[in-house]
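One letter stands for each residue in the lines below.
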Amino acid sequence: MSKTVKIRKGANINLVGIAECKTVQADLPKTFAIKPTEFHGIVPKMMLKEGAEVKVGTPIFHDKKNEHIKYVSPTAGVITEIVRGAKRKILEIRIQTASNQESEIIAKVDVNSIDRAKALEFLMNAGLWCFIKKRPYDIVADPMETPKAIFISGFDSAPLGVSYDYLLEGQEQNVQTGIDLVAKLTKGKVHFNINAGDSSFLSKLKNVEINRFDGPHPAGNVGIQIHHLDPINKGEVVWVINPQSVAIIGRLVNTGVSDFSKKIALVGSEVKEPCYINTWAGAAVSSIINGHVKDGDNRIIDGNVLSGTQVSSENYIGYTSTSVSVIPEGREPQFMGWIAPNFHKFSLSHSYFSWLMPGKKYSLNTNANGEDRAFVMSGQYEDLLPMDVYPVHLIKSIITNDIEKMETLGIYEVAPEDFALCEFACTSKTQVQEIIRKGLDTAIEELG
Amino acid sequence: MKFIKNIFDGIRPNFEEGGKFARYYKAFEAMETFAFVPGHVTHGGTHIKDAIDLKRTMFLVVIATVPALLFGMWNTGHQHFLALGEMSGLGDGLMDKFLFGAIKVLPIVIVSYVVGLGIEFGIAVAKNHSINEGYLVSGMLIPLIMPVEVPLWMVAVATAFAVVIGKEVFGGTGMNILNPALTARAFLFFAYPTKMSGNMVWVNTEGGQVVDGFSGETLLAQSIVSDTNYIDQAGQAYGSVSDTIFAAFMGWIPGSIGETSTLAILIGAAILLITGIGSWRIMLSFLLGGLSMSLLFNLWDHNAFMRVDPILQICMGGFMFGMVFMATDPVSAAQTNMGKWIYGFLAGFLGIMIRVFNPAYPEGVMMGILFMNVMAPLIDHYVIEANINRRLKRATVTA
């Protein structure tokens, strides 16, 4: 039965630059890249060398731990460079685009009759497995495990979040097909969670349990939704996937042709006309922002302003992100800024005046607004994390590397993005998401 | 402001690596970040950050103490002239009283800040860590809970003890178990009890002859003898208990510098509650704890002190100041919401209990809060155990 969950904790941050419902077509980028670092938990093993020719959908590397999980090229062309970092860690595999965009043809499957093993094989061969992540730990899912349920968050509550209704316009059939396929992967339910007021096609999807969430960010985070619908206990696994990835899976099932085109939102106060853009997974950032962004010292973010990854115009966007945000850098020191009234600044606390102007939209920059300090204030995180978890104590258990405490305080239920608001609001400027990620990585090693 | 920036930019090389004063970099950094919120940008994690930082938080608490400080200055003068039988009307000699008080109070404030900040800077430089802003608040709270006649050297010793033993040995701001300001007060009481209680420390009577009937006693001391007959420093009896309550609420009674005026403290409380810096859970539960204990004592009715009207009980002494500025210290209080209710209630409850059971202490509230500071981690421990048990139970049900 579908239910409505009321989320009381959390907060919305109103920023200037939300995308209007209009779409422009980006040019085909001259270069693409696939970034193994985007897929937390895998160790890439190259299948092709520099200079190899690839089509859209040609496998480039696989996971060292499971050679069946393949990662494929989003474009047709030639592998020009494998960028490595410390200890020869692969950071990026760059591909020069060919003018002729040939695609690999994948054997079509019948979504109604396919069994679980075949569905897994289909997704891994087509390079779509990377879209499925698992909780606990927020890493790429392990096909050897069987999840107790699959969760899809059908709305984005983050600042400058996208409208999935618009993002997936015209893809209704693909979304349904994608759901039908991923539903084969679990014996439990597929939860599709939408905003309380949503009456779009998302609310009419079949073969899923539709749940409604009513409340501020992070209500749209799938981790929060899992916690309220079917929390993860020790030994349990759930898989999560975002609606755009579901549509890409469904499209491949329906057409049989590898295709990594997708629509993203270009948002933020430094975008001239925030809108949606048709582009590709792994596309060069320059192909997306050129001509759309105001001059100046800007921060380009692959993803949203709370949990996204900083990129430059020489970098590439990820496979799963649904937006690129552009905001101003904040490198100007402010004289006595900590005491000034600062009507233009935004705070979730009442120590600035922004709480008196709830409807106002802010153009926030990347200034840290203060320096790192020890934990002093209490109760801040608790008001922003709608989970029955004690965030500060969990964080302290991670800092002190107390595995047993981490486990009992709820490490299985959390993901870094769920703590992004806590990090935003922290008086002591603690890097909360980084700590949570470190805790999850420790837990993978110690608890498995 | 460009020229100030230029000054900092000009002298910075001396403090950077290889410079003449490189080891004092943290002190330089503290001064620079005090003048300018630095142009540091976020890296990793969230790309935008809330405008609040620890400097603003602490500064807002200092602002919240200002009404109590200003009133304390006036009241110091008022009590002085009252005892000497001069300008005994409330409205008489407003400026004279204020100036007299300011001359008495400001040196204590200065000593507290100079000694405390001096030690903080020294330790920060020695350990090469950034200077935390916590002492901005402690440095103001310490003078406000001192009797006006406390010798300045004692303030210096107590401040040094509070900062070193109360805070730095635990690792500095954010790590301390006891509230530093109360640690200073407790240190003085136990080290120099005769100087910190009795009839000689609350009112300055220099330069004149005290009036007949002057006692120098606080209302708390008078409560031991009777719960109905109170006199002021001019030896005049209050007309009724409600007159006494009114005087205690407004604050023109003898006592520690910033503790006497419930009204001034409540203005501070309003600032802390509106800005969300002070915990309403702790303040409310503390108040309820104090009132409950007072009412229970009323029922017990064993001696005069037990019969004191609950409203008078909470308006006297350091109860309100402790509730608003001491118990709410986020570092030494309980950290969980449930824990805050328990912590606040027991601190208020024990404060009144100790006050009445052992009137030898000048004020039980200080002891109540310090005791609960020590107990706060234990309270949190059990609140969190309950959360852990909820989680474990869920696992076994579904398994």
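All figures in this text were calculated on a predicted structure; none of them were measured in a lab.

**Notes on the pattern of salt bridges**
Okay, so step 1: Within the structure shown, the criterion is met by 36 salt bridges over all chains.
Okay, so step 2: Among the salt bridges present, the one from lysine 55 of chain B reaches glutamate 371 of chain A, with a minimum N-O distance of 3.1 Å. Separated into two different chains, lysine 55 of chain B in helix H3 (residues 54-83) and glutamate 371 of chain A in the loop between strand S21 (334-335) and helix H7 (391-399) make up a pair that spans both.
Okay, so step 3: We classify lysine 55 of chain B as buried; its relative accessible area is 5%.
Okay, so step 4: By relative accessible area, glutamate 371 of chain A is classed as buried at 11%.

**Examining the pairing of strand S17 (residues 275-280) of chain A**
All names here are of chain A.
Okay, so step 1: With five of its six residues buried, S17 lies for the most part within the structure.
Okay, so step 2: Pairing analysis gives three bridges linking strand S2 (residues 23-25) to S17, with the strands arranged parallel. Bridge pairing in S17 places threonine 23 opposite tyrosine 276.
Okay, so step 3: Two strands pair when backbone bridges link them, and strand S16 (residues 261-267) and S17 are joined in this way by six bridges, in the antiparallel orientation. Its bridge partner being in S17, lysine 263 is matched across the sheet by asparagine 278.

**Details of the domain arrangement of chain B**
All names here are of chain B.
Okay, so step 1: Splitting chain B by domain gives domain 1 (14-36 + 54-195) and domain 2 (279-389).
Okay, so step 2: Of note, the centres of domain 1 and domain 2, computed from C-alpha atoms alone, are 24 Å apart.
Okay, so step 3: Each side of the interface is counted separately: domain 1 has 20 residues, and domain 2 has 15 residues.
Okay, so step 4: A per-residue breakdown of the area domain 1 buries against domain 2 is headed by Asn179, Leu182 and Phe189, which together make up 35% of the total.
Okay, so step 5: Counting across the domain 1 and domain 2 interface gives zero salt bridges.

**Here we look at the sheet that holds strand S5 (residues 53-54) of chain A**
Within a sheet, neighbouring strands are paired by backbone hydrogen bonds and run either parallel or antiparallel to one another.
Okay, so step 1: The four strands are arranged S3-S9-S8-S5 (chain A) in an open sheet whose pairing can be described as antiparallel. With one partner strand each, in any of the chains shown, strand S3 (31-34) and S5 of chain A form the two edges of the open sheet.

**Here we look at the layout of surface pockets**
Okay, so step 1: Considered as a void within the structure, the second largest pocket measures approximately 900 Å³ in volume.
Okay, so step 2: Along the walls of the second largest pocket sit 41 residues, with Leu348, Ser349, His350 and Asp383 of chain A together with Gly276 of chain B positioned nearest its centre.
Okay, so step 3: Of all elements in the fold, only helix H11 (262-274), helix H12 (280-300) and helix H16 (337-357) of chain B reach the threshold of two or more residues within the lining of the second largest pocket.
Okay, so step 4: The element best represented in the lining of the second largest pocket is H12 of chain B, accounting for three residues.
Okay, so step 5: Considered class by class, the residues forming the lining of the second largest pocket number 19 nonpolar, 17 polar and five charged.

**A look at the sheet that holds strand S1 (residues 4-6) of chain A**
Residues and elements named next belong to chain A.
Okay, so step 1: Here seven strands make up an open sheet; going across it, the order is S1-S14-S13-S12-S15-S10-S11 and the pairing mixed. Every interior strand has two partners, whereas the edge strands, S1 and strand S11 (139-140), have only one.
Okay, so step 2: For strand S12 (residues 149-153) and strand S13 (residues 190-195), the ladder comprises four bridges, and the chain directions are parallel. Bridged to phenylalanine 151 within S13 is histidine 191.
Okay, so step 3: The strands touched by helix H4 (residues 222-229) within the sheet are S1, strand S10 (133-135), S12, S13, strand S14 (209-214) and strand S15 (238-240), with S12 carrying the most contacts at an inclination of about 130°.

**Examining the nonpolar core**
Looking at soluble globular proteins, one finds that nonpolar side chains tend to be buried together.
Okay, so step 1: Among the nonpolar cores identified, the biggest contains 223 residues, and Trp129 and Leu185 of chain A together with Tyr343 of chain B are the most heavily contacted of them.
Okay, so step 2: When sequence neighbours within four positions are dropped, the list of residues in contact with tryptophan 129 of chain A reads Ile69, Leu120, Leu123, Met124, Val140, Ala141, Asp142, Pro143, Leu185 and Trp239 of chain A.

**Digging into the confidence of the model for chain B**
Okay, so step 1: Taken as a whole, chain B shows an average pLDDT of 91; of its residues, 99% reach a score of 70 or greater.
Okay, so step 2: ipTM for the predicted complex: 0.93, alongside a pTM of 0.93.

**Let's talk about the packing of H3 of chain B against H11 of chain B**
Residue and element names in this part refer to chain B.
Okay, so step 1: It is at 8 Å that the axes of H3 and H11 come closest, and there the two elements cross at 170°. In terms of orientation, H3 and H11 fall into the roughly antiparallel class. For the pair formed by H3 and H11, the contact residues are Leu60, Val61, Ile63, Ala64, Pro67, Ala68 and Phe71 on the first element and Ala264, Ile265, Ile267, Gly268, Ile271 and Leu272 on the second.
Okay, so step 2: Taken together, the residues of the contact of H3 with H11 sort by class into 12 nonpolar, one polar and no charged.

**Some remarks on the interface of chain B and chain A**
Okay, so step 1: With 56 residues of chain B at the contact, the number on the chain A side is 75 residues.
Okay, so step 2: Together, the buried faces of chain B and chain A total about 5,800 Å²; carbon and sulfur atoms form 56% of this surface.
Okay, so step 3: Across the contact surface, chain B and chain A share five salt bridges.
Okay, so step 4: Summed over the shared surface of chain B and chain A, the number is 40 residue pairs in polar contact (both at pLDDT 80 or more).
Okay, so step 5: Contributing elements (two or more residues each) for the side of chain B that touches chain A: helix H1 (2-15), helix H2 (25-35), strand S1 (36-37), H3 and helix H17 (364-398) of chain B.
Okay, so step 6: At nine residues, the largest contribution of residues to the side of chain B that touches chain A is made by H17 of chain B.

**Re the packing of aromatic side chains**
Okay, so step 1: Applying the stated criterion to the full structure yields 36 aromatic pairs over all chains.
Okay, so step 2: In this arrangement the basic side chain of lysine 263 of chain A is found over the ring face of tyrosine 166 of chain A, its NZ or CZ atom lying 4.3 Å from the centre.
Okay, so step 3: Arginine 56 of chain B extends its terminal NZ or CZ atom over the ring of tyrosine 352 of chain A, reaching a point 3.6 Å from the ring centre.

**Some details on the domain arrangement of chain A**
All names here are of chain A.
Okay, so step 1: The domain architecture assigned to chain A consists of domain 1 (1-332 + 357-367) and domain 2 (380-446).
Okay, so step 2: Taken over C-alpha atoms, the centre of domain 1 sits 24 Å from the centre of domain 2.
Okay, so step 3: Carbon and sulfur atoms supply 60% of the area that domain 1 and domain 2 bury against each other, a total of about 2,200 Å² over both sides.
Okay, so step 4: The largest per-residue losses of area from domain 1 upon contact with domain 2 belong to Lys9, Tyr137 and His227, which jointly make up 29% of the total buried on that side.
Okay, so step 5: Where domain 1 touches domain 2, the interface holds two salt bridges.
Okay, so step 6: Here glutamate 407 makes a salt bridge to lysine 234, at a shortest N to O gap of 2.4 Å.

**Considerations on the pairing of strand S8 (residues 77-84) of chain A**
Residues and elements named next belong to chain A.
Okay, so step 1: For S5 and S8, the ladder comprises two bridges, and the chain directions are antiparallel. Pairing of valine 54 across the sheet is with glycine 77, part of S8.
Okay, so step 2: Summarising the sheet, S8 and strand S9 (residues 90-97) pair through seven bridges and their orientation is antiparallel. Across the sheet, valine 83 pairs through a bridge with glutamate 92, a residue of S9.
Okay, so step 3: Hairpin connection, S8 to S9: the antiparallel pair is bridged by five residues, and lysine 87 has positive phi, about 55°.

**Structural notes on the environment of proline 358 of chain A**
Okay, so step 1: Assignment of secondary structure puts proline 358 of chain A in the loop between S21 and H7.
Okay, so step 2: Along the primary structure proline 358 of chain A and lysine 429 of chain A are separated by 71 residues, whereas in three dimensions their C-alpha atoms are 23 Å apart.

**Brief notes about empty space enclosed by the protein**
Residues and elements named next belong to chain B.
Okay, so step 1: Evaluation of the coordinates by the stated rule reveals five cavities of 30 Å³ or more.
Okay, so step 2: Within this model, the largest cavity holds a volume of roughly 320 Å³.
Okay, so step 3: Every residue lining the largest cavity is counted, 25 residues in all, and those nearest its centre are Met58, Gly134, Val137, Asp329 and Pro330.
Okay, so step 4: Mapped onto the lining of the largest cavity, the elements with two or more residues apiece are H3, helix H5 (134-144), helix H7 (180-191) and helix H15 (319-326).
Okay, so step 5: Sort the elements by how many residues they give to the lining of the largest cavity and H5 lands first, with four residues.
Okay, so step 6: Here the lining of the largest cavity is built from residues that sort into 14 nonpolar, nine polar and two charged.
Okay, so step 7: Taken together, domain 1 (14-36 + 54-195) and domain 2 (279-389) each give at least three residues to the lining of the largest cavity, which thus spans both.
Okay, so step 8: Each pocket or cavity is described by its volume, and for the second largest cavity that value is around 60 Å³.
Okay, so step 9: Lining the second largest cavity, in full, are Gly72, Asn75, Thr76, Gln79, Val148, Trp202, Val203, Asn204, Gly255, Ser256 and Ile257.
Okay, so step 10: Tallied by class, the residues present in the lining of the second largest cavity amount to four nonpolar, seven polar and no charged.

The rules behind these values
- Residues numbered from 1 in each chain as written.
- Chains lettered and ligands numbered in written order.
- Predicted model: local features only at pLDDT ≥ 70, side-chain atom pairs only at ≥ 80, totals over all residues.
- Heavy atoms only, no water.
- Salt bridge = Lys/Arg side-chain N within 4 Å of Asp/Glu carboxyl O.
- Helix = DSSP H or I, 4+ residues; strand = E, 2+ residues; numbered from the N terminus.
- Buried < 20%, exposed > 50% of the residue type's maximum accessible area, 1.4 Å probe, protein only.
- Pairing = 2+ DSSP bridges.
- Domains from an automatic or database assignment.
- Contact = heavy atoms within 4.5 Å.
- Buried area = accessible area lost by both parts, 1.4 Å probe.
- 1 Å grid on protein atoms, 1.4 Å probe; cavity = no way out; pocket = protein on both sides within 12 Å on 5 of 7 lines; lining within 4 Å.
- Points joined across faces, edges and corners; volume = space filled by probe spheres on them.
- Nonpolar A, V, L, I, M, F, W, Y, C, P; charged D, E, K, R; others polar.
- Axes fitted to C-alpha atoms, helices over the stretch in contact; angles between N-to-C directions.
- Core = buried A, V, L, I, M, F, W, Y, C linked by side-chain atoms within 4.5 Å.
- pLDDT = per-residue confidence, 0-100.
- Parallel < 35°, antiparallel > 145°, perpendicular 65-115°, else oblique.
- Polar contact = N/O pair within 3.5 Å; in protein donor to acceptor, adjacent residues only side chain to side chain.
- Phe/Tyr/Trp six-rings, centres within 6.5 Å; stacked < 30°, edge-to-face > 60°.
- Lys NZ or Arg CZ within 6 Å of the ring centre and 35° of its normal.

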